[in-house]
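A closer look at the structure
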Amino acid sequence: MGSAKNTSTGSRQARIEELRRAERARERRNRFLVIAASTVVVAGLVAGTVVLVRSQSDDGKKDTASDAKQASGHFVTGADGVKTWKGTLSRNHVTKTVSYPMEPPVGGDHNQVWMNCNGDVYTKAVNPMNAVHSLEHGAVWVTYNSKASEADVKALAAKVGKTPYTLMSPVDDQKDPIMMSAWGKQRSVTGAKDKNVDAFLSEFVQGKQTPEPGAACTNGLSQ
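Before going into details, it helps to say that this report is about the structure given with it. What you see is a predicted model; the values in this text were computed from it and never measured. (Residues numbered from 1 in each chain as written. Predicted model: local features only at pLDDT ≥ 70, side-chain atom pairs only at ≥ 80, totals over all residues. Heavy atoms only, no water.)

1. Concerning the overall build of the protein chain
- Along its length, the protein chain carries five helices and seven strands.
- When its helices and strands are written in sequence order, the protein chain yields α-α-β-β-β-α-β-α-β-β-β-α.
- Looking at the protein chain as a whole, 42% of its 223 residues qualify as buried.
- For the protein chain, the exposed area adds up to about 12400 Å²; of that, 55% sits on carbon and sulfur atoms. (Helix = DSSP H or I, 4+ residues; strand = E, 2+ residues; numbered from the N terminus. Buried < 20%, exposed > 50% of the residue type's maximum accessible area, 1.4 Å probe, protein only. Areas by Shrake-Rupley, 256 points an atom, 1.4 Å probe, with all protein chains shown as cover.)

2. Comments concerning unusual backbone geometry
- Residue Glu 103 is joined to Pro 104 through a cis peptide bond whose omega torsion reads -5 degrees.
- The topology assignment puts Pro 104 in the loop between strand 2 (83-88) and strand 3 (118-121).
- The phi angle at Gln 206 is positive, at roughly 55 degrees, despite the residue not being glycine.
- Mapping Gln 206 onto the fold places it in the segment after helix 5 (195-204).
- Look at Gln 206 and you get buried, because its relative accessible area is 6%.
- Positioned with a positive phi, Asn 219 is a non-glycine residue whose angle comes to about 60 degrees.
- Along the chain, Asn 219 falls in the segment after helix 5.

3. Quick look at the sheet that holds strand 3
- The strand order across the open sheet built from seven strands is 1-2-7-6-4-5-3, with neighbouring strands paired in mixed fashion. This sheet does not close on itself; its edge strands, each paired only once, are strand 1 (72-77) and strand 3. For this sheet the average axis-to-axis angle between neighbouring strands, irrespective of direction, equals 20 degrees.
- Alignment of strand 4 (residues 140-144) against strand 6 (residues 178-182), held across four bridges, turns out to be antiparallel. Counterpart to Thr 143 in the pairing with strand 6 is Met 179.
- In this fold helix 3 (residues 128-136) packs onto strand 4, strand 5 (166-170) and strand 6, with an angle of close to 140 degrees to the strand it touches most, strand 4. (Pairing = 2+ DSSP bridges. Axes fitted to C-alpha atoms, helices over the stretch in contact; angles between N-to-C directions. Contact = heavy atoms within 4.5 Å.)

4. A look at the nonpolar core
- Ranked by internal contacts, the top residues of the largest apolar core, which has 43 residues, are Val 140, Leu 167, Met 168 and Met 180.
- Where this core is concerned, the elements lending two or more residues are helix 3, strand 4, helix 4 (150-161), strand 5, strand 6 and helix 5. (Core = buried A, V, L, I, M, F, W, Y, C linked by side-chain atoms within 4.5 Å.)

See the structure below:
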């Protein structure tokens with residue numbers, strides 16, 4: 001059992017490190033593109049203005065459409081206690097406030113900026129629309145309310161702080177004291193020592209459910 005667990009942990013760490021290297025490469029390419037683009041800003045100013053106006057118009061249409069078809073469905077609980085959302089989880093970038101059918105949300109339309117999720121621990125509530133974007137990138141979101149013990153919150157914060165593609169924050173209105181969410185997945189745990197904490201992280205950090213595997217978890221929004 002110990003050998004299998006170590007192999008699984010080592011494999012997950014290797015996968016995360018590979019994703020980190022890919023993310024750093026993307027950031028270098030992005031910096032190069034920004035520098036190259038800056039040389040033609042003046043020449044393209046008029047054309048850019050037209051594109052911006054059209055883009056804003058298109059965004060408004062997307063917002064209206066997404067409001068008309070919010071995430072619909074229901075959770076189905078598996079034998080392992082993990083709840084899987086059965087139904088529609090749209091992935092549009094919107095500016096209007098999204099009303100999610102679950103708390104914390106596990107997917108649906110979201111803000112175009114993600115919450116930083118490189119082991120980031122937030123002591124204040126975050127905007128769920130940004131956190132959902134993090135889930136789309138393959139992050140696991142650990143949340144708690146006032147019923148969670150101080151010791152559990154501290155221990156979970158330490159674990160999250162050492163785990164890339166995770167974030168943690170309080171969610172006052174959630175049903176259970178401690179919950180874990182990934183895109184389309186969710187479960188409650190009894191505390192920091194619950195074996196299901198590591199099991200959920202192992203399976204869903206950059207897991208198969210991820211819509212955009214390897215997407216950035218840095219250079220987003222932070223408190």
